[in-house]
Every structure is written in structure tokens, then in C-alpha cells.
Amino acid sequence: AQKITQTQPGMFVQEKEAVTLDCTYDTSDQSYGLFWYKQPSSGEMIFLIYQGSYDEQNATEGRYSLNFQKARKSANLVISASQLGDSAMYFCAMREGPAGRRALTFGSGTRLQVQP
Amino acid sequence: KAGVTQTPRYLIKTRGQQVTLSCSPISGHRSVSWYQQTPGQGLQFLFEYFSETQRNKGNFPGRFSGRQFSNSRSEMNVSTLELGDSALYLCASSPGQDLSSYNEQFFGPGTRLTVL
């Protein structure tokens, strides 16, 4: 079974509008972390935001916020006021469990294109 | 603070050859993880090194190996290259010391390997 599912291969959004990128996850661990990364065409993975499984508040980082719904196992990324520079691939990732299990499991990604 | 550096950035090899990729983590970081990114399989975890010891390993054949030096720099080696090894190889560093699931990984720009 897929650990991380991103159902939107591609998304378009108008500049200055908000956009939500979907992510659902599957784990039996109580302790886990959810991450979102941005990958521009240059290839480098840029960390955007983190949500811990025990965090009660949704994470926010500037224009990025994470809509965390634990019961539904979803961790959607919301980008407010989209900019042309937001055009990139976006990956949702999860790290499960206790110390020693530190590998990130990535989803297949969503390609976001911001239109002027 | 300098980011994660990877050398070389681009590499072309032929089937059957071997290749060594290098990663220098952020100063003070002791954990280095390697990921393979291909269009077909997406981002997959290869292995993680911490204080010169392999701490975690993904599901890759023995042709893929790595090591870490006392200065935390890491190398990965792929022997007997196959066409399917063509990929972007990403290295990520983190402090690696904490025991929580949060452990932000900072990625390098990647090495793009083409096997002909």
C-alpha cells in the first residue's frame, strides 16, 4: 500500500490566488512527522513546512500552511497568494516512528503551475 | 552557513561501469541520507549514515553502497551500472542527534547520472 498519496499530478492556479495540494498518508505509528518539499526545475528539494503527529495546531510558515486532519490521515498544503516563483513540483513526505527510522517516504508529487 | 554540496553535478557513464558520488553535509550535521529520484519510481530512500555507521537502509540491491567519513562527508558507490540506474541522486543532511520524528533534512542540488 502507498504510504503517501498525492492524487493531483498537476495543478494550475492564477497568480495571487490560494491553492491546496492534497496529501493523504498511511501509518500505524503514533509518532510520525509530515513534511512538504518544493522542487524547482533545478532539482534541489526545498523544505517548506513540518507537522508532527502530536501537534494540535496546524503548522504555518509564511504563505504556507498545513491543513492537518489526523482522523482522516490527510496533510494538505495550502499556498496563499500564489506567486509565479511557486511553479514547481511539490512533494509530501512522512517520517514514521521512533529513533532509528529516519527515512523519508515521499509521495509522487504534484506539479503546480502558477499562471499570470 | 554553506549548504549541502554534491559533486559532480552531472555524470555520464556506460553500462557495466562503476560510479562514486560525493556529498558534503552542512557543517555540524552528522547524518547523511541518500535518495534516488526517477520519473518511474519517484523518490526512494537508499541509505542513511550517522557518525560513520549505516543507520538505515532502503530496498536497493547490493550494487548500491555508501560510506561516511569522520568529517561526515559521504560517498555512495554504484557498481556494474545498469540503464535503470539513470536518475537524480539527492543527498540530505540533518543534525541527526534528536530522537523525535522531527528531523528536518536539508537537501543538496543532486547529481544527475546518465547511464548509456
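That block above? That's the structure.
Let me begin by describing the structure that accompanies this report. (Residues numbered from 1 in each chain as written. Chains lettered and ligands numbered in written order. Predicted model: local features only at pLDDT ≥ 70, side-chain atom pairs only at ≥ 80, totals over all residues. Heavy atoms only, no water.)

### Some thoughts on the sheet that holds strand β7 (residues 64-68) of chain B
Residue and element names in this part refer to chain B.
Next up, step 1: Pairing in this open sheet of four strands is antiparallel, and the strands run β1-β3-β8-β7 from one edge to the other. Each end of this open sheet is capped by a strand with a single partner; those strands are β1 (5-7) and β7. Direction aside, the axes of adjacent strands within the sheet are offset by 20 degrees on average.
Next up, step 2: Alignment of β7 against strand β8 (residues 74-78), held across five bridges, turns out to be antiparallel. Note on β8: the bridge partner recorded for G66 is M76. (Pairing = 2+ DSSP bridges. Helix = DSSP H or I, 4+ residues; strand = E, 2+ residues; numbered from the N terminus. Axes fitted to C-alpha atoms, helices over the stretch in contact; angles between N-to-C directions.)

### Overview of the packing of aromatic side chains
Next up, step 1: The final tally for this structure, using the stated rule, is 14 aromatic pairs over all chains.
Next up, step 2: When the ring of Y37 of chain A is compared with that of F47 of chain A, the centres are 5.9 Å apart and the planes differ by 70 degrees; the resulting orientation is edge-to-face. A residue pair is termed long-range when its members are at least 10 positions apart, and Y37 of chain A in strand β5 (residues 32-39) and F47 of chain A in strand β6 (residues 46-52) qualify at 10 residues.
Next up, step 3: Owing to a relative accessible area of 0%, Y37 of chain A belongs among the buried residues under this scheme.
Next up, step 4: Using a relative accessible area of 21% as the deciding quantity, one classes F47 of chain A as partly exposed.
Next up, step 5: Residues Y35 of chain B and F45 of chain B carry aromatic rings whose centres are separated by 5.6 Å and whose planes lie at 65 degrees to one another, so their mutual orientation is edge-to-face. Taken together, the residues Y35 of chain B in strand β4 (residues 31-38) and F45 of chain B in strand β5 (residues 42-50) connect sequence positions 10 residues apart. Across the pair, F45 of chain B and Y35 of chain B agree in class, each one buried.
Next up, step 6: When the ring centre of Y64 of chain A is taken as origin, the NZ or CZ atom of R63 of chain A, which lies over that ring, is 5.6 Å away. (Phe/Tyr/Trp six-rings, centres within 6.5 Å; stacked < 30°, edge-to-face > 60°. Buried < 20%, exposed > 50% of the residue type's maximum accessible area, 1.4 Å probe, protein only. Lys NZ or Arg CZ within 6 Å of the ring centre and 35° of its normal.)

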